[in-house]
Amino acid sequence: DAKTTQPPSMDCAEGRAANLPCNHSTISGNEYVYWYRQIHSQGPQYIIHGLKNNETNEMASLIITEDRKSSTLILPHATLRDTAVYYCIVRVLIFDQGGKLIFGQGTELSVKP
Amino acid sequence: EPEVTQTPSHQVTQMGQEVILRCVPISNHLYFYWYRQILGQKVEFLVSFYNNEISEKSEIFDDQFSVERPDGSNFTLKIRSTKLEDSAMYFCASLRPGVRTEAFFGQGTRLTVV
């Protein structure tokens, strides 16, 4: 699986958009970009994933550059409850073969009042 | 919303004792995982399990560890003779087959070895 690089920490004001970048310059064509977050020591929580098109769900938006070498997770209106460590993970998705997630250090996002 | 359930939430054990951590994955999921997180460190992959056998394991998953799916619903992690360095949060995860799927994690078991 390709390596990812994320800033170790970021701050965001409550109510503003949080934009979390991730570099994955060695990503290959069959690798998906996944985002998870971990609040305190709870279990990691799935946020969103995508291959090459931008994706949006009720939690966030994922913007993947055209060359797929980087992506940005956008939390449109950050709240204090979004304070967490955010992990960008690149993973090969082989149909019916599961695969594993490899977590890096992630970005510690602090949402401030 | 379906969820992965882990028990107990906190386990304290003496060094050298055996522990079994339990997980109930989401019912239509076929891939199962254990991860651990030592305090202040990153989440580390231990093992994946599919079709009643280990499909992949990390260097951490040595002979002291074993996994089992004894009854079609529970998924367990056994540590035969615990060491102080086994103290960590242990997370179970499950995944359904398919292309656009995501793994769901339980809330973890905090294992403290004294």
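**Q** Can you walk me through the pattern of salt bridges in this structure?
**A** For side chains bearing opposite charge, pairing can occur when the charged atoms are close. All names here are of chain A. Inspection of the entire model under this criterion finds three salt bridges over all chains. D82 is the salt-bridge partner of R37, the closest N and O atoms lying 2.8 Å from each other. Separated by 45 residues along the polypeptide, R37 in strand β3 (residues 31-38) and D82 in the loop between β7 (70-75) and β8 (84-92) bring together distant segments of the chain. Assigned by exposure class, R37 and D82 land together as buried.

**Q** I'm lost on the side chain of S48(B) in this one. Help?
**A** Residue and element names in this part refer to chain B. With respect to the secondary-structure elements, S48 resides in strand β5 (residues 44-50). Among the polar contacts made by the side chain of S48, one reaches the side chain of S55 at a distance of 2.8 Å. Once you skip the residues sitting within four places of it in the chain, S48 turns out to touch F32, Y33, E53, I54, S55 and E56.

**Q** Explanation requested: the sheet that holds strand β6 (residues 61-64) of chain A in the structure shown.
**A** Paired through their backbone hydrogen bonds, the strands of a sheet run either parallel or antiparallel. All names here are of chain A. Ordered by their spatial adjacency, four strands build an open sheet running β2-β7-β6-β5, and the pairing between neighbours is antiparallel. In this open sheet, the two strands that pair with only one neighbour each are β2 (18-23) and β5 (55-56). Here two bridges tie β5 to β6, and the two strands are oriented antiparallel to one another. Paired with E55 across the strands is L62, a residue of β6.

**Q** I would appreciate a short explanation of the state of the cysteines in the present structure.
**A** What makes a disulfide is a covalent bond joining the sulfur atoms belonging to two cysteines. Inspection of the entire model under this criterion finds two disulfides over all chains. Through a disulfide, C22(A) is tied to C88(A); the S-S separation comes to 2.1 Å. Judged by the torsion about the S-S bond (-80°), the C22(A)/C88(A) disulfide is left-handed. Of the two residues, C22(A) is situated in strand β2 and C88(A) in strand β8; the sequence distance between them amounts to 66 residues. Given the relative accessible area of 2%, C22(A) is considered buried. The side chain of C23(B) participates in a disulfide bridge whose partner is C92(B); the two sulfur atoms lie 1.9 Å from each other. Judged by the sign of its S-S torsion, about -65°, the cystine formed by C23(B) and C92(B) is left-handed. One end of the pair, C23(B), is in strand β3 (residues 19-24); the other, C92(B), is in strand β9 (residues 88-95), and 69 residues separate them in sequence. Accessibility expressed as a relative area gives 1% for C23(B), which makes it buried. The exposure class assigned to C92(B) is buried, which follows from its relative accessible area of 0%. Not part of a disulfide, C12(A) finds its nearest cysteine sulfur in C22(A), a span of 18 Å.

**Q** Can you help me understand the sheet that holds β8(A) in this one?
**A** All names here are of chain A. Strand order across the open sheet formed by five strands is β1-β9-β8-β3-β4, with mixed pairing between neighbours. Only two strands of the sheet have a single neighbouring strand rather than two, namely β1 (9-13) and β4 (45-50). In this sheet, adjacent strand axes meet at a mean angle of 25° when their direction is disregarded. In this sheet, strand β9 (residues 107-112) lies alongside β8 in antiparallel orientation, the contact comprising three bridges. Bridge pairing in β9 places A84 opposite L109.

Conventions we followed
- What you see as residue numbers is a count from 1 along each chain, following the sequence as written.
- Written order decides the labels, with chains lettered from A and ligands numbered from 1.
- Local features in this predicted model are restricted to residues whose pLDDT is 70 or higher, and side-chain atom pairs enter the listing and the counts only when it is 80 or higher, whereas totals over whole chains, interfaces and linings include all residues.
- Just so you know, side-chain values use all the structure's heavy atoms and leave hydrogens and water out.
- What counts as a salt bridge is simple: a side-chain nitrogen of Lys or Arg found within 4 Å of a carboxyl oxygen of Asp or Glu.
- Helix and strand definitions follow DSSP, with helices as H or I runs of at least four residues and strands as E runs of at least two, each counted in order from the N terminus.
- Burial classification: accessible surface area is computed with a 1.4 Å probe over protein chains only, and a residue below 20% of its type maximum counts as buried, one above 50% as exposed, and the rest as partly exposed.
- In protein, a polar contact requires one atom able to donate a hydrogen and another able to accept it; more generally it is a pair of N or O atoms within 3.5 Å, and residues adjacent in sequence count only if both atoms are side-chain atoms.
- Residue contacts are defined here by distance: any two heavy atoms, one from each residue, within 4.5 Å place the two residues in contact.
- Strand pairing requires that DSSP identify at least two bridges connecting the strands.
- Cysteine sulfur pairs qualify as disulfides if the two atoms are within 2.5 Å.
- For helices, the fitted axis covers only the stretch in contact; all axes are lines through C-alpha atoms, and the angles between them, taken along N-to-C directions, range from 0 to 180 degrees.

None of the figures reported here should be taken as evidence of function without further support.
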